[in-house]
Structure formats: C-alpha cells, structure tokens
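A closer look at the structure
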Amino acid sequence: MFAASKGETIMSDIKLEGGCQCGALRYVLTAPPLMAYACHCSECRRISGSAFAVSCAALQDTMEITQGELARVEWTVESGAHRYGEFCSACGTRIRHGSVPEMGVYSVRGGTLDDQKWAEPMAHSWLASALDWFEPPKDALHYDGQPEDYGPIMERYAARMKLG
Ligand SMILES: [Zn+2]
Ligand SMILES: [Zn+2]
C-alpha cells in the first residue's frame, strides 16, 4: 500500500519538531513526511474532534520522542484490521496512528507539527462521508473513499515541499 522506499529518496537533513497541546510531549521527525492528506471518514472526525483530520505519513523509524511519554489505545476497524493511536499521557493530544502489527509507516497528526507548512493536504479522502458544507480545494486530489494508490499523493507532496 505505502511505498516506503519512496520516502528514502527524499530523506534530508530537515528536522521537523512538534508536540502536544500541554507541552509535556515533544518529538522530532528526522526525515520529512512522505505526504500529508485530509481524511473525512467518521472515525477521523471523532478522533480529531473536528470536521476532518490531517495526517502526515512518516516512516516508522523517523520519529524520536524527545520529551514526555506516549500512551496508547488499540482497536479493530470494520474491515477487521487492528489499529493503534498514541497520545500525550498528560493531556491526551493524539500524536500518531498506525497499524497493528506495524507496517513501516504511521500517520502523524498534522496539527501537532510546529511548522504547519508540512501539513498542507495534497489529497482529500473519504469525501463520500464529508460534511455537506465542505468544498474540497480544486487543486487537491479527491477520493470518495480510501485511496488505492498513494503514489500520486506522495509525488505531489514531494514536489510541493521541494524534496528529492
Ligand atoms: Zn500534552
Ligand atoms: Zn479517516
């Protein structure tokens, strides 16, 4: 599903910092995200407490927790797949999500990055369940459900962020 090798071609010395709302948890991404996208599924709305969630996909070994502790919750989605979410143990801000077992890539919640430039969504997924008032930006990629191929989203992100 995710082409992890793709990310390796856009590795650089860029260090991206982020953290939770209370300031107890801080992290560093040692490589740029592979892509940023918005998801409008009902689960992402619940998790984010908002109209949609912005995720930055990152290679698993590129996040270092520099301060604080992550707490974890796991659940099973409708398809039967197992997922986890990790959050600041002090304030509950969701920091990242991924699959159980790990698949080499996880989603960092875009809003937790200090520099929001890196969280600009190149695509909008699950538009079939988006709220009525939401109009996706015309220049972003649009998907009614889950994208089957993340390649075009990653290419667009790399070009936009001038990576690689
Ligand atoms: Zn916190
Ligand atoms: Zn979603």
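Everything numeric here is computed off the predicted structure, so don't read it as measured data.

For the rest of this paragraph, the subject is the pattern of salt bridges. For the coordinates displayed, the defined rule picks out six salt bridges. A salt bridge links Arg72 to Glu74; its shortest N-O distance comes to 3.0 Å. On the accessibility criterion, Glu74 (47% relative accessible area) is partly exposed.

All of the protein donors around the zinc ion (ligand 1) are Cys20 (SG), Cys22 (SG), Cys88 (SG) and Cys91 (SG); their distances to the metal are 2.2 to 2.4 Å. For the zinc ion (ligand 1), the four donor atoms in the first shell make angles of 105 to 118° at the metal, a pattern classed as tetrahedral. Read N to C, the donor residues that coordinate the zinc ion (ligand 1) are spaced as C-x1-C-x65-C-x2-C. With Cys22 in the loop between β1 (16–19) and β2 (26–29) and Cys88 in strand β7 (residues 82–88), this residue pair connects regions lying 66 residues apart in the sequence. Of the residues examined, Cys88 reaches a relative accessible area of 1% and is grouped as buried.

Attention now moves to the UniProt feature "domain: CENP-V/GFA" (unreviewed entry) in the protein. According to UniProt, the "domain: CENP-V/GFA" (unreviewed entry) feature falls on residues 16–119. Annotated as 7% helix and 49% strand, the span residues 16–119 places its first and last C-alpha atoms 11 Å apart.

Next up on the list: the packing of aromatic side chains. For the coordinates displayed, the defined rule picks out three aromatic pairs. With a centroid separation of 6.5 Å and 70° between ring planes, the pair formed by Trp133 and Phe134 is classed as edge-to-face. Residue classification places Phe134 among the buried residues on the basis of a relative accessible area of 14%. Among the aromatic residues, those joined into a ring-pair cluster are Phe52, Trp133 and Phe134. In this structure, Arg72 packs its charged tip against the face of Tyr84, placed 4.0 Å from the ring centre. Taking the ring centre of Trp118 as reference, the NZ or CZ of Lys117 above it sits at 4.4 Å.

Criteria and cut-off values
- Residues numbered from 1 in each chain as written.
- Chains lettered and ligands numbered in written order.
- Predicted model: local features only at pLDDT ≥ 70, side-chain atom pairs only at ≥ 80, totals over all residues.
- Heavy atoms only, no water.
- Salt bridge = Lys/Arg side-chain N within 4 Å of Asp/Glu carboxyl O.
- Buried < 20%, exposed > 50% of the residue type's maximum accessible area, 1.4 Å probe, protein only.
- Donors = N, O, S within 2.8 Å, 3.2 Å for Na, K, Ca; no water.
- Tetrahedral: all angles 85-135°; square planar, octahedral: opposite > 155°, others 65-115°.
- Helix = DSSP H or I, 4+ residues; strand = E, 2+ residues; numbered from the N terminus.
- UniProt positions renumbered as here; feature names shortened; annotations may be inferred.
- Phe/Tyr/Trp six-rings, centres within 6.5 Å; stacked < 30°, edge-to-face > 60°.
- Lys NZ or Arg CZ within 6 Å of the ring centre and 35° of its normal.

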